[in-house]
Each structure stands twice: as C-alpha cells, then as structure tokens.
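Tertiary structure, described
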Amino acid sequence: MQNIANNLRRVNMAISDYEHKYHRPAHSVKLLAVSKGKSSEEILEAYAAGQRAFGENYLQEALLKMTALAQQSIEWHFIGKIQTNKTKKIAEHFAWVHSVDDMKIAKRLNDQRPAHLPPLNICIEVNISEQTTKSGIHANDMTLFAKYCTSLTRLKLRGLMAIPEEHHDFAKQRALCHQLSVLARGLRQAGFPIDTLSMGMSHDMEAAIAEGATMVRVGRAIFGPRE
Ligand SMILES: *Cc1c(COP(=O)(O)O)cnc(C)c1O
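Residues numbered from 1 in each chain as written. Predicted model: local features only at pLDDT ≥ 70, side-chain atom pairs only at ≥ 80, totals over all residues. Heavy atoms only, no water.

Turning to the site of the ligand, a few remarks are in order. As a structural note, the neighbourhood of the ligand is formed by Val34, Lys36, Asn57, Ile79, Ile163, Met201, Ser202, Arg217, Val218, Gly219, Arg220 and Arg226. In this structure, arginine 220 approaches the ligand through a side-chain N or O atom, which is 2.7 Å from an oxygen atom. Computed on the free molecule, the ligand has an accessible area of 380 Å², of which 95% lies beneath the protein chains in the complex. Residues of the shell around the ligand, tallied by class, amount to five nonpolar, three polar and four charged. (Near = heavy atom within 4 Å. Polar contact = N/O pair within 3.5 Å; in protein donor to acceptor, adjacent residues only side chain to side chain. Areas by Shrake-Rupley, 256 points an atom, 1.4 Å probe, with all protein chains shown as cover. Nonpolar A, V, L, I, M, F, W, Y, C, P; charged D, E, K, R; others polar.)

Right, dumping it as structure tokens:
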C-alpha cells in the first residue's frame, strides 16, 4: 500500500528544492495530482494531506469520482484526449482543460460552458518533436490557434501543455521541455497574456521546472504505479 500523504510531502519538497535550485520564485510551480485509475478514497487521502487540484484523463471515470467527492472543494483538470461527444460534460464539470488541440473542440467547449461558471481555463496542447502520442497541434499552427481560442469568450487561454516522449537522460528531457518554453515565450511576445506552462510528470519533473514549468502533472510519484 502506497503512503500517499508521505509521497505527496516528498513531491512538494522536491518542487521547492527545484524552484530554489533553478532560481525560480518560491511557490511558482503548482502541483496537479494526476489521479487516473485511482479511487476516490486515494484522492481523499491526498486531499486530507492538503492537495486540492486533481487531473483526470477519462470523463466517465472522473464524473464518478466527482460525485463521490462532491463535499470536497476540489479543482478538477481534464488532461486526457477529448472526444467530440464528451465536450459538454467536460465544459460543465471541469475548471481547466489542458489538452485542447482542435478548433472544433475549442468551439464546442466554449459554446457548452455553462453561463453561471467562469470561463473555462484552457491550455493548448503542442506536439513537440519526438512526442509519443499523436495529440497536440504543430508548433507552426500555434499562434493562429491561440488567436482563435482568444476569440472564444467562454474560454480563458492560460498557456501551453505538452507530453514529451519519455527519456531517462536529463539533458534530453530538458531539451524537450525547453522547446515548449521557447514557444510560450513567443506567444507572450506576440501579446498573449499566458501564465501557464503545463509540463513535467513523475519522471521529468526536475527538467520541466528547470525549463520554466508552472504546473507539473504528477501521478505515479504520488499514488504509486498504475495497473
Ligand atoms: C498520466 C499522465 C500524467 C502523469 O504521469 P505520471 O507518470 O503518473 O506522473 C501527466 N500528464 C498526462 C497528460 C497524463 O496522461
């Protein structure tokens, strides 16, 4: 059995150490606990230890946990692949969506965001080179896509997200994270007021923080291995 509270403390300590080591301001990196495949009880353990932001990849699984954890004040982030027929529920139930990479999906999320909720925070998923998955837009299309997202008033463009290919070489991890960092700087210079760089997972959190991540998405290091 994993000791979630201890793991969480270790991850939070590592984040502060890396902030210091790479001259990042204290508390400039937010921890998103990725709870896919984990139970509501496990989420509750992390919650009791102070964690508030949780990331989920699969809508149906997430909705069940949201119902079970309705009494907790959790900030839910959708980080998985978005199917067209799931946008309505995603727009209704999440505070953030990290994996927006398609105009039609962005438009649907915008139109389906309930009026009583604040605009949906989104990140554009970018397919940086050597990425494992096919998801994410090409860097060349990023500015145009960002412009489109900004025109949608029920969405709030917060920044960029990437899922780099898994490498064990630190320099290689940094080089991939660096690409996303450069793209974000370009967007800011083009006048987009973005504040979020969503990158870094259990295996490359240090590289991501070194390269300017503001949100790391950590699953295994908190909840243990997935089946
Ligand atoms: C599963 C997942 C994570 C967390 O990965 P770990 O290796 O468990 O830390 C982060 N981001 C996305 C998009 C994921 O699907």
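Attention now moves to the packing of aromatic side chains. Under the definition given, this model contains two aromatic pairs. Ring geometry for phenylalanine 54 versus tryptophan 76: centroids 6.3 Å apart, planes at 45°, classification tilted. Residue phenylalanine 54 is located in strand β2 (residues 53-56), and its partner tryptophan 76 is located in strand β3 (residues 75-78); the two are separated by 22 residues in the primary sequence. Measuring from centroid to centroid gives 5.3 Å for phenylalanine 78 and phenylalanine 94, while their planes differ by 80°, and the two rings are edge-to-face. Placement of phenylalanine 78 in strand β3 and of phenylalanine 94 in the loop between α4 (87-93) and β4 (96-100) is noted, with a sequence separation of 16 residues between them. Residues phenylalanine 78 and phenylalanine 94 agree in their burial class; the two are buried. (Phe/Tyr/Trp six-rings, centres within 6.5 Å; stacked < 30°, edge-to-face > 60°. Helix = DSSP H or I, 4+ residues; strand = E, 2+ residues; numbered from the N terminus. Buried < 20%, exposed > 50% of the residue type's maximum accessible area, 1.4 Å probe, protein only.)

Among the nonpolar cores identified, the biggest contains 62 residues, and Phe54, Val97, Leu109, Ile124, Leu160, Val216 and Ile222 are the most heavily contacted of them. If you tally residues by element for this core, the top one is helix α7 (residues 170-189), at six residues. For leucine 160, the residues in contact, after removing those within four places along its chain, are Cys123, Ile124, Val126, Met142, Leu180, Leu183, Ala184, Leu187, Thr196, Leu197 and Ser198. In terms of nonpolar packing, the next biggest core, distinct from the first, is built from eight residues, Leu32, Cys123, Met161 and Met215 among them. (Core = buried A, V, L, I, M, F, W, Y, C linked by side-chain atoms within 4.5 Å. Contact = heavy atoms within 4.5 Å.)

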